[in-house]
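Chain by chain, the residues:
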Protein chains: 2
Amino acid sequence: MSEIENLAALLAQLPGIGKKSALRISYSLINKSEEYNSLLGKSISSIKEKVHKCPVCGSFTETDPCAVCSDPSRDRAVLCVVEQPQDVITIQSSGVYSGLFHVLGGAINPLAGVGPEDLGFDKLLKRIKEGSFTEIIIATNPTEEGDTTALYIRHLLRDYPEITLTRLASGLPIGGDLEYADIRTLTRSLRGRIKF
Amino acid sequence: MSEIENLAALLAQLPGIGKKSALRISYSLINKSEEYNSLLGKSISSIKEKVHKCPVCGSFTETDPCAVCSDPSRDRAVLCVVEQPQDVITIQSSGVYSGLFHVLGGAINPLAGVGPEDLGFDKLLKRIKEGSFTEIIIATNPTEEGDTTALYIRHLLRDYPEITLTRLASGLPIGGDLEYADIRTLTRSLRGRIKF
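Residues numbered from 1 in each chain as written. Chains lettered and ligands numbered in written order. Predicted model: local features only at pLDDT ≥ 70, side-chain atom pairs only at ≥ 80, totals over all residues. Heavy atoms only, no water.

A closer look at helix H5 (residues 121-130) of chain A
Residues and elements named next belong to chain A.
Part 1 of the reasoning: Residues of H5 that are buried: Phe 121, Leu 124, Arg 127 and Ile 128. Buried residues in H5, looked at end-on, bunch into an arc of 120 degrees, giving them a common side. Among the exposed residues of H5, those oriented more than 90 degrees off its buried face are Asp 122, Lys 126, Lys 129 and Glu 130.
Part 2 of the reasoning: Where H5 is buried, its residues contact strand S3 (75-82), strand S4 (99-103), strand S5 (135-138) and helix H6 (144-156). (Buried < 20%, exposed > 50% of the residue type's maximum accessible area, 1.4 Å probe, protein only. Helix = DSSP H or I, 4+ residues; strand = E, 2+ residues; numbered from the N terminus. Arc of directions from axis to C-beta. Contact = heavy atoms within 4.5 Å.)

A word on the sheet that holds S5(A)
Residues and elements named next belong to chain A.
Part 1 of the reasoning: Pairing within the open sheet is parallel, and its four strands lie in the order S4-S3-S5-S6. If you trace the sheet from one side to the other, it starts and ends with S4 and strand S6 (164-167), each paired once. On average, each strand axis in the sheet is inclined to that of its neighbour by 25 degrees, with strand direction left out of account.
Part 2 of the reasoning: Examined bridge by bridge, S5 and S6 share four bridges and lie parallel to one another. Looking at S6, one finds that Glu 135 is bridged to Thr 164.
Part 3 of the reasoning: The sheet strands contacting helix H4 (residues 85-94) are S3 and S4, and the helix crosses S4 at an angle near 155 degrees.
Part 4 of the reasoning: Packing of H6 onto the sheet brings it into contact with S3, S5 and S6, and relative to S6 it is tilted by some 175 degrees. (Pairing = 2+ DSSP bridges. Axes fitted to C-alpha atoms, helices over the stretch in contact; angles between N-to-C directions.)

What about the sheet that holds strand S4 (residues 99-103) of chain B?
Residues and elements named next belong to chain B.
Part 1 of the reasoning: A sheet is described by the order of its strands in space; here four strands give the open sequence S4-S3-S5-S6, paired in parallel fashion. Each edge of the sheet is formed by a strand with only one pairing partner; in this case those strands are S4 and strand S6 (164-167). Within this sheet the neighbouring strands show an average axis-to-axis angle of 25 degrees, counted without direction.
Part 2 of the reasoning: The strands touched by helix H5 (residues 121-130) are strand S3 (75-82), S4 and strand S5 (135-138); relative to S4, the strand with the most contacts, the crossing angle is about 155 degrees.

Examining the environment of B:Thr61
All names here are of chain B.
Part 1 of the reasoning: Looking at where Thr 61 falls in the secondary structure, it is placed in strand S2 (residues 60-61).
Part 2 of the reasoning: Under the relative-accessibility criterion, Thr 61 is labelled buried at 6%.
Part 3 of the reasoning: Thr 61 sits 70 residues away from Gly 131 along the chain, and the two C-alpha atoms are 21 Å apart.
Part 4 of the reasoning: Not counting residues within four places of it along the chain, the set of residues in contact with Thr 61 comprises Lys 50, Val 51, His 52, Lys 53, Cys 54, Cys 66 and Ala 67.
Part 5 of the reasoning: At 2.8 Å, the side chain of Thr 61 forms a polar contact with the backbone oxygen of Thr 63. (Polar contact = N/O pair within 3.5 Å; in protein donor to acceptor, adjacent residues only side chain to side chain.)

A short note on the interface of chain A and chain B
Part 1 of the reasoning: In this complex, chain A contributes 41 residues to the contact, which on the side of chain B involves 41 residues.
Part 2 of the reasoning: When the buried surface of chain A facing chain B is broken down by residue, A:Glu3, A:Ile44 and A:Lys48 rank first, second and third, together holding 16% of it.
Part 3 of the reasoning: At the junction of chain A with chain B, the criterion picks out two salt bridges.
Part 4 of the reasoning: One salt bridge in this structure joins B:Glu3 and A:Lys50, with 3.9 Å as the shortest N-O distance.
Part 5 of the reasoning: Scanning the region where chain A abuts chain B turns up ten residue pairs in polar contact (both at pLDDT 80 or more).
Part 6 of the reasoning: Mapped onto the side of chain A that touches chain B, the elements with two or more residues apiece are helix H1 (3-11), helix H2 (19-31), helix H3 (34-50) and H4 of chain A.
Part 7 of the reasoning: It is H3(A) that provides the largest number of residues to the side of chain A that touches chain B, a total of 14 residues. (Buried area = accessible area lost by both parts, 1.4 Å probe. Salt bridge = Lys/Arg side-chain N within 4 Å of Asp/Glu carboxyl O.)

Notes on the nonpolar core
It is characteristic of soluble globular proteins that their nonpolar side chains tend to be buried jointly.
Part 1 of the reasoning: Counting residues in each nonpolar core, the largest one holds 36 residues, and the members touching the most others are A:Leu14, A:Leu29, A:Leu40, B:Leu14, B:Leu29 and B:Leu40.
Part 2 of the reasoning: Residue assignment for this core shows that the elements contributing at least two residues are H1, H2 and H3 of chain A together with helix H1 (3-11), helix H2 (19-31) and helix H3 (34-50) of chain B.
Part 3 of the reasoning: Ignoring anything within four residues of it in the chain, the contact list for B:Leu29 reads A:Leu14, A:Ile44, A:Ile47, A:Lys48, B:Leu7, B:Tyr36, B:Asn37 and B:Leu40.
Part 4 of the reasoning: If you look at the next biggest cluster of nonpolar residues, it comprises 34 residues, including B:Tyr97, B:Val103, B:Ile108 and B:Leu157. (Core = buried A, V, L, I, M, F, W, Y, C linked by side-chain atoms within 4.5 Å.)

Looking at the domain arrangement of chain A
Part 1 of the reasoning: Per the domain assignment, the segments of chain A are domain 1 (3-50) and domain 2 (66-175).
Part 2 of the reasoning: Relative to domain 2 of chain A, the C-alpha centre of domain 1 of chain A lies at a distance of 34 Å. (Domains from an automatic or database assignment.)

Structure below.
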């Protein structure tokens, strides 16, 4: 196997990169600067050393605990539960949330063999027991699996009536077109309609 | 900038990778094995050292000259002129061509500031003068720029009436659907119709 084919085969193992685009990227790397290739190569080789999961919340971090968990200005009464570490970054980038996070690492998905025992709910319960949360925002994805996980968390927290459980609003995306909305989104959007 | 954002910014400079997929790939690399990341990192860092353009034909190679140019079993009477090094690999993978190649490195595109002087036609002419070609296949892309380049080559070779000039057939792609063919492809396909 030639070096280009070898590189393309490695690249094709990344998400969203097929065989054709892996080859295209390999060719483009031959035309990039030595400096860029060296920077990218080093960054990929060392990413696992530098970035790991925060032992407290489970999001990606370079410090222990992560920047959010160790930030004294964050609201320690609100906990936002998400599926993946990248969801933390997405919500952080909105700039409207100032509480803490908890990353489950996935959602309950019996078909894929992911049960509640795989998502470390004991760790979540321990955090809630030891913390002083007044609100838990369940920000799992608006999917079958995310909804199941949300229901499971509601069930888990049935002994904490003093904690307000909330869920991210589902509905039409801003800038979207009613005509192109799928039926499930439209249904949620109608059921969750608010007074205007 | 965090290490993930740094990696994502580097990845977003590759063709076909936007900001979102660059982040997605960065996250996925955290979950890949150390071994994979190290292999991919090294391969990217060293690709420019290992692969360069063949001094004879201009295609990507790890040897000097490339495997095609140095293969004594190739037909040295036929030369296939392509735009990019990757076109050589595409044609090679079809397995139906046994002649030599010449890579122009692009196509004439006045709007992008690419004129004939940028494509090393003197090198092509020198090869033709010194070689013993009986056929030159112009395999530039079936685009405005590729067609212009093909016409330019025909003009360049007007003093070689003994060399047969050919061009790759254009028409409906195999497995394609007439209904979805664009008008230009259909026009070419009709004009170039063959006896059945």
